[in-house]
Amino acid sequence: MSIKVASTVVETVVFEGQKPGTSGLRKAVSVFQQKHYTENFIQAIFDALGNQLQGSTLVVGGDGRFYGKEVVAKIIRIAAANGVGKLLVGQNGILSTPAVSTIIRKYKTLGGIVLTASHNPGGPNGDFGIKYNCENGGPAPDAVTNKIFELTTTIKNYKIIPEISVDIDKIQTQTLEVDGRSFTIEIIDSVKDYVDLMKEIFDFSSIKKLLLGSTDRTSFEVLINSMNGVTGPYVKEIFEKELGVKSSNLINTTPLEDFGGLHPDPNLTYAADLVNAVKNGTFDFGAAFDGDGDRNMIIGKKAFFVTPSDSLAVLANNLNVIPYFKKTGIRGYARSMPTGAAVDRVAAKTGVNCFQVPTGWKYFGNLMDAGRLSLCGEESFGTGSDHIREKDGIWAALAWLSVVANLGKSVEDILMDHWKTYGRNFFTRYDYENCEAEGANKMMKDIEDKFKAPQFIGAKLNFQKKEYIVKEADNYSYKDPVDNSVADKQGLRILFEDGSRIIYRLSGTGSSGATIRVYIESYESDPSTFTEDAQKILKPLVDIALQLSKLKECTGRDAPTVIT
């Protein structure tokens, strides 16, 4: 017999600034801990869903960061009071972002709430985040997030059942009678559904032969770093149990509330331990994943770095070696606007459509749902396919291992062969984190004002002996070919006649201040340049970008926080 409980209404106050960014609402933990703050935002999500919420099933889980379990408890209590029929909650409150998308799609739920600030630091002094994913498994579109925000500006109360208490560390099912309705909480295995999907997509036996070696091939040694984020349990299950990798080659696999003090962003700066271990060791392959498991970094022997833009292009060029794509065919490629254009060259040669979308995975999701996209990626270390509607770090590592197993070549040799065929798109990104918003906004306005000068198009920008002629300059606008929605002011672009680019953006993934991102890309077809350091090749354009923007004068910043 189910327990009977009744909902109650709690009066609240409006909090300013609860506007979801490209990946949900992200703020410092202390902001979310304010009385009513988290409850307001959750109630706004439910109100935005309207009548379809009644009797629905939702997925709940997150990256295991500090304050996550408390928020899971709040969601359970508020969901029960708002007419939700069932919650699928990851054990211990743990679900990677790709796993949430997997479960939403597998069980055809209304959507899910993901508790993550992705690659941002965790702990009591770190960040927290809440994101709503819709029924396709991907981040909610602008229409939904805008509605959520509007509701937060007028909210007067929220519904809750304070006495509901569920042990989320134990796999179990509980059913309650709430205001005469049935409400079920199912605590599920966090890992199983995702691992089952990976085994459908990839040929695990082929990857296992590569990793363990066979009679005609020596073993291929990998080092995987979960950065104490959510991917640890998934990595243990896939790489150790399924693929036979030694546990000593799988590091930082315990999800920790503060990520063990690590900054869970898989790049050359924050994953330096992995880079140094591969550089100085015998490893053939290294991979790191971020806090919620959707980002990845891939490196080869001696820490040969694969840029995310090149990673996307190489996977596009070899997608047909993966069983999943042999079945589905290849429908199209896409990249975010700031991402290097290497994949465009693969698409042109192979006759596959290639889309350029604003930053944010939801734009890829529309194309996937319309059957027009198979593979996509962002330069911010995100790669994915239409198996789900999120970027997927572990999927990317398995895709790379599938390519290596099929080609029988090292990561570096695969890249060298690729560049010989397509040329090399040298690419870098300079991040200036936590800048004063006023200075950052002034810088962006001043740059855009320069675009309006009639003499800017055709201008010759010089650094030392290098000259670049401006072909086009704009604030990028995107019209979705599926629903005709328009996303404007997506980043300032300077396109040069030789195919080089400078792009400036203010990021929407920070929790405080402004993050300025400067993207630099230069295409080279001369094979003698392919092994050059990217920073050396790109230095002229970097200097032009900094001089043109007057970034130092506007922000007071002498150097970027991170270079990737």
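Residues numbered from 1 in each chain as written. Predicted model: local features only at pLDDT ≥ 70, side-chain atom pairs only at ≥ 80, totals over all residues. Heavy atoms only, no water.

Chemist: Summarise the pattern of salt bridges; cite the residues concerned and give the values.
Modeler: With the rule as written, the count across this model stands at 32 salt bridges. Across the pair Lys 86 and Glu 186 runs a salt bridge whose closest N-O atoms are separated by 3.1 Å. Pair noted here: Lys 86 is in strand β5 (residues 86-94) and Glu 186 is in strand β10 (residues 181-188), with a separation of 100 residues, a long-range link. Among the residues examined, Lys 86 registers a relative accessible area of 27% and is labelled partly exposed. (Salt bridge = Lys/Arg side-chain N within 4 Å of Asp/Glu carboxyl O. Helix = DSSP H or I, 4+ residues; strand = E, 2+ residues; numbered from the N terminus. Buried < 20%, exposed > 50% of the residue type's maximum accessible area, 1.4 Å probe, protein only.)

Chemist: Account for the sheet that holds strand β18 (residues 375-378), naming residues and giving values.
Modeler: Taken together, the four strands give an open sheet; going across it, the order is β17-β16-β18-β19, and neighbouring strands pair in mixed fashion. Strand pairing shows two members of the sheet lacking a second neighbour, β17 (354-357) and β19 (382-385), which therefore form its edges. Strand after strand, the sheet turns through a mean of 15° between neighbouring axes, direction not considered. (Pairing = 2+ DSSP bridges. Axes fitted to C-alpha atoms, helices over the stretch in contact; angles between N-to-C directions.)

Chemist: I'd like to hear about the side chain of Thr 109, residue by residue, with values.
Modeler: If you trace the backbone, Thr 109 turns up in the loop between α4 (97-107) and β6 (111-115). Among the polar contacts made by the side chain of Thr 109, one reaches the main-chain carbonyl oxygen of Gly 111 at a distance of 3.1 Å. Not counting chain neighbours up to four residues away, the residues in contact with Thr 109 comprise Thr 57, Val 59, Leu 88, Ile 103, Ile 104 and Glu 135. (Polar contact = N/O pair within 3.5 Å; in protein donor to acceptor, adjacent residues only side chain to side chain. Contact = heavy atoms within 4.5 Å.)

Chemist: Residues and numbers for the environment of Lys 131, please.
Modeler: Here Lys 131 is to be found in strand β7 (residues 127-133). Look at Lys 131 and you get buried, because its relative accessible area is 5%. Sequence spacing of Lys 131 and Phe 463 is 332 residues, and the spatial spacing of their C-alpha atoms is 43 Å. Excluding anything up to four places from it in sequence, Lys 131 contacts Ser 23, Gly 24, Thr 97, Gly 112, Ile 113, Val 114, Pro 139 and Glu 390.

Distances and angles like these do not, on their own, reveal function.
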